Amino acid sequence: YKKPEGWRLIDYDTPGKGDDGWAYKRFSRGGVTLPIGTKGPQVEIRADCASTDGVHCTDFIPSAVTQDVCSAGYVQVSYDKCCVDGDMTDCETA
């Protein structure tokens, strides 16, 4: 593949324009980075693993790892937000 003249291929390590941080806006926690998009709620996660059906991984799946991301008294209500249990007006960004 030869990229067209004047184009650049960007990834998560590509700086943004000026002092705008990174070319891809993103959210990271625990070694997982998710893009922050403005065109919809879709997130595609791809796994590099052995598969017998082309869809599901056949490799051993390690036990789940849980990580407390909220302060005491708060519960996680989205991947980056914690609120006081029962009070959606008292929230913090995780």
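Remember, it's a predicted structure, so these values are computed and weren't measured experimentally. (Residues numbered from 1 in each chain as written. Predicted model: local features only at pLDDT ≥ 70, side-chain atom pairs only at ≥ 80, totals over all residues. Heavy atoms only, no water.)

**A word on the state of the cysteines**
As enumerated under the stated definition, the model contains three disulfides in all. Here Cys49 connects covalently by a disulfide to Cys57, the sulfurs 1.8 Å from one another. Looking along the S-S bond of the Cys49-Cys57 disulfide, the torsion reads about -75°, which is the left-handed sense. With relative accessibility at 26%, the residue Cys49 sits in the partly exposed group. Each sulfur of the disulfide joining Cys70 and Cys82 lies 2.0 Å from the other. Taking the sign of the S-S torsion, -75° for the link of Cys70 and Cys82, the bridge is left-handed. In this pair, Cys70 sits in the loop between β2 (32-35) and β3 (74-78) while Cys82 sits in strand β4 (residues 81-84), placing the two residues 12 residues apart along the sequence. Given the relative accessible area of 21%, Cys70 is considered partly exposed. (Disulfide = S-S within 2.5 Å. Buried < 20%, exposed > 50% of the residue type's maximum accessible area, 1.4 Å probe, protein only. Helix = DSSP H or I, 4+ residues; strand = E, 2+ residues; numbered from the N terminus.)

**Description of the sheet that holds β4**
The strand order across the open sheet formed by three strands is β3-β4-β5, and the pairing between neighbours is antiparallel. Strands with a single pairing partner mark the edges of an open sheet, and in this sheet they are β3 and β5 (87-93). On average, each strand axis in the sheet is tilted by 45° relative to the strand beside it, whichever way the strands run. Here β4 runs beside β5; their pairing, made up of four bridges, is antiparallel. Bridge assignment links Cys82 to a residue of β5, and that residue is Glu92. (Pairing = 2+ DSSP bridges. Axes fitted to C-alpha atoms, helices over the stretch in contact; angles between N-to-C directions.)

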